[in-house]
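Residue-level structural notes
Below are the chains, spelled out letter by letter.
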Amino acid sequence: MPNQPSPVFSSAEFRSAMRNVPGAVSIVTTGVRPGRHGLTLTAGCSLSTEPSSVLVCVNKSAGGHDTIKQSGSFCWNILTADHAELAKKFAGQDGSKGDIRFADGLWRQLTTGAPSLIEAICSFDCRVSGSYDAGSHTIFVGEVVAQTTNLDREPLVYVNGEFTVPKR
């Protein structure tokens, strides 16, 4: 492969540009009490229907990253328009870490033991079927072993540096 020219933009410029790309806001959870962890992210999507699987991209510095690797499971919870404050909490904007973040919201366990948000638009309880190094992040592929769905809920999205609800 020939030498590739270096990008003419900084990582800060890239991050700024990506803020214009709307993403569904979710919380990825892992672990069991008292070692539960959760983090807010927008880098998740469906991957396959056979077998049912999703992928989430988790920063290696996130508190839950190593717990996902160790437990081999996670739950991907897609947030509703009512969950902006919960998204901020799990993004660490209030300074909280670990299990204390679960003091807000209603949580249950499905199959893997990872916390599932009862009021989420949908929650996908997953066993890790693969993980891939991707710079500052790890891409975790999860085979869905259980799911819940709440119909007729408005999604929470992140765009231009803030949480919002899509206009219809």
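It should be noted that the structure appears before, not after, this text.
Below: a short report on this structure. (Residues numbered from 1 in each chain as written. Predicted model: local features only at pLDDT ≥ 70, side-chain atom pairs only at ≥ 80, totals over all residues. Heavy atoms only, no water.)

Some words on the overall build of the protein chain
Where we set the bar: Runs of E in the DSSP output that reach at least two residues are strands. Runs of H or I that reach at least four are helices, and both are numbered from the N terminus. Any residue under 20% of the maximum accessible area for its type is buried, any over 50% is exposed, and the rest in between are partly exposed; the area is computed with a 1.4 Å probe on protein chains only. By definition in these notes, contact holds between two residues if any of their heavy atoms fall within 4.5 Å. None of His or the chain ends enter the tally, which takes Lys and Arg as positive and Asp and Glu as negative. To locate a charge, take NZ of a lysine, CZ of an arginine, CG of an aspartate or CD of a glutamate.
The helix and strand inventory of the protein chain stands at 3 helices and 12 strands. Dimensions of the protein chain, computed from the C-alpha atoms along their principal axes, are close to 50 × 35 × 35 Å. The buried share of the protein chain, taken over its 168 residues, is 39%. Restricting to contacts in the protein chain with at least 6 residues of sequence separation, those with at least 24 account for 63%. Both charge centroids of the protein chain, one from 15 positive and one from 15 negative side chains, sit 4 Å from each other.

Topic: the packing of aromatic side chains
Quick note on the threshold: What counts as a ring pair is set by centres within 6.5 Å for rings of Phe, Tyr and Trp (its six-membered ring), and what kind of pair is set by the plane angle: stacked under 30 degrees, edge-to-face over 60, tilted for all other angles.
According to the stated counting rule, one finds 5 aromatic pairs in the structure shown. Relative to W107, the ring of F90 has its centre 5.6 Å away and its plane inclined at 50°; by these criteria the two rings are tilted. Linking F90 in helix 3 (residues 84-90) with W107 in strand 7 (residues 107-109), this pair joins segments that are 17 residues apart in sequence. Here F90 falls in the buried class, since its relative accessible area comes to 2%. Exposure remark for W107: the relative accessible area of 17% places this residue in the buried category. Every member of this aromatic cluster is reached through a ring pair, and the members are F90, F102 and W107.

A closer look at the sheet that holds strand 11 (residues 157-159)
Definition in use: When DSSP locates at least two bridges between a pair of strands, those strands are taken to pair.
What the 3 strands build is an open sheet, ordered 1-11-12; its pairing is antiparallel. Each end of this open sheet is capped by a strand with a single partner; those strands are strand 1 (23-24) and strand 12 (162-164). Summarising the sheet, strand 11 and strand 12 pair through 3 bridges and their orientation is antiparallel. Residue pairing in the sheet places V159 in a bridge with E162 of strand 12.

Some thoughts on the nonpolar core
Spelled out, the test is: Among the buried residues, those of types Ala, Val, Leu, Ile, Met, Phe, Trp, Tyr and Cys that are joined through side-chain atoms within 4.5 Å form a nonpolar core.
One finds V28, L41, V56, V58, F74, W76 and F124 to be the most contacted residues of the largest nonpolar core, which totals 17 residues. Sorting the residues of this core by element identifies strand 3 (37-41), strand 5 (52-59), strand 6 (73-78), strand 9 (122-134) and strand 10 (137-149) as the ones contributing at least two each. Excluding residues within four positions of it along the chain, F124 makes contact with F74, C75, W76, I78, V144, A146 and Q147.

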